[in-house]
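Residues per chain are reported as follows:
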Amino acid sequence: MFMGQYGHTIDVKGRTIIPAKYRESLGSTFVITLGLDGCLFLYPLQEWQSFVDRLQSLPSNQKTRKLQRQFLSKAMEVTPDKQGRILIPSILRDKAGLNKDIIFIGMMNRVEVWDKTRLEEEDEEDEVSLCQIMDELDIPI
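Residues numbered from 1 in each chain as written. Predicted model: local features only at pLDDT ≥ 70, side-chain atom pairs only at ≥ 80, totals over all residues. Heavy atoms only, no water.

Some points on a negative patch on the surface
(1) Moving on: A cluster of like negative charges, contributed by Glu120, Glu121, Asp123 and Glu124, occupies part of the molecular surface.
(2) Moving on: Relative to the helices and strands, Glu121 resides in helix α5 (residues 116–136).
(3) Moving on: Classification of Glu121 by relative accessible area gives partly exposed; the value is 47%. (Patch = residues over 30% accessible without salt bridge, like charges linked within 9 Å, V, L, I, M, F, W, Y side chains within 5 Å. Areas by Shrake-Rupley, 256 points an atom, 1.4 Å probe, with all protein chains shown as cover. Salt bridge = Lys/Arg side-chain N within 4 Å of Asp/Glu carboxyl O. Lys, Arg positive; Asp, Glu negative; His and termini not counted. Charge placed at Lys NZ, Arg CZ, Asp CG, Glu CD. Helix = DSSP H or I, 4+ residues; strand = E, 2+ residues; numbered from the N terminus. Buried < 20%, exposed > 50% of the residue type's maximum accessible area, 1.4 Å probe, protein only.)

Digging into a nonpolar patch on the surface
(1) Moving on: A surface patch of nonpolar side chains, amounting to about 420 Å² of accessible area, comprises Met1, Met3 and Met108.
(2) Moving on: Looking at the secondary structure, you find Met3 in the segment before β1 (5–9).
(3) Moving on: Residue Met3 is classed as exposed on the basis of its relative accessible area of 57%.

Some words on the packing of aromatic side chains
Each pair of aromatic rings is reported with the distance of its centres and the angle of its planes.
(1) Moving on: This structure, assessed with the given rule, holds eight aromatic pairs.
(2) Moving on: Judged by centre distance (5.3 Å) and plane angle (85 degrees), the ring pair of Tyr6 and Tyr22 falls under edge-to-face. Separated by 16 residues along the polypeptide, Tyr6 in strand β1 and Tyr22 in helix α1 (residues 20–26) bring together distant segments of the chain.
(3) Moving on: Considering the side-chain rings of Tyr43 and Phe51, the 5.4 Å spacing of their centres and the 15 degrees angle between planes classify their relative orientation as stacked.
(4) Moving on: According to the relative accessible area criterion, Tyr43 is buried, its value standing at 3%.
(5) Moving on: For Phe51, a relative accessible area of 13% gives the class buried.
(6) Moving on: Here a set of aromatic residues connected by ring pairs shows up, and it is made of Phe41, Tyr43, Trp48, Phe51 and Phe71. (Phe/Tyr/Trp six-rings, centres within 6.5 Å; stacked < 30°, edge-to-face > 60°.)

Notes on the nonpolar core
One recurring pattern in soluble globular proteins: nonpolar side chains tend to sit buried together.
(1) Moving on: By size, the foremost hydrophobic cluster in this structure holds 20 residues, and its most contacted members are Leu40 and Leu42.
(2) Moving on: Among the elements of the structure, α1, β3 (30–34), β4 (40–44), α4 (90–96), β7 (101–107) and β8 (110–115) are those that each provide at least two residues to this core.
(3) Moving on: Top element by residues in this core is β3. It accounts for three residues.
(4) Moving on: Each residue touching Leu42, except ones within four places of it in the same chain, is listed here: Ile18, Leu26, Phe30, Val31, Ile32, Phe104, Arg110, Val111 and Val113. (Core = buried A, V, L, I, M, F, W, Y, C linked by side-chain atoms within 4.5 Å. Contact = heavy atoms within 4.5 Å.)

Quick word on the packing of helix α2 (residues 45–57) against helix α3 (residues 62–72)
(1) Moving on: Contact pair α2 / α3: the axes reach a minimum separation of 10 Å and the direction vectors enclose 160 degrees. Considering the angle they form, α2 stands roughly antiparallel to α3. The two elements α2 and α3 meet at a crossing, and its hand is left-handed. Facing Trp48, Phe51, Val52, Leu55 and Gln56 of α2, the residues of α3 in contact are Thr64, Leu67, Gln68, Phe71 and Leu72. (Axes fitted to C-alpha atoms, helices over the stretch in contact; angles between N-to-C directions. Parallel < 35°, antiparallel > 145°, perpendicular 65-115°, else oblique. Left-handed = near helix turned anticlockwise from the far one by under 90°.)

The following block contains the structure:
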């Protein structure tokens, strides 16, 4: 299970180091794709296949095709180099607004990659509504 958060940077070529805590669980090759809320998703191959299977099992309609297209068209397999670095493709860096400072966040079955500034803005918004969301979902503290 992925959890915690780790700050890193992206170099001018678009490379970043995968946090050591996540490397083994992600595996020697994993998938990076555009995520939700302005971040990227990193999936171990097994989790990616499970996600794709769920997408494939959905009824064929316009919403399903749009959802499948969103995730699959931007998905790429990546393999870290000997230093644990990956190249984040420019299309994904641009879509997620990744600049120099980024944050990796463990999210149970995947890792999210956020631009540090964007995540700070997201966190400020979340603090206000977190209690309300927990109440709506009937999650006891």
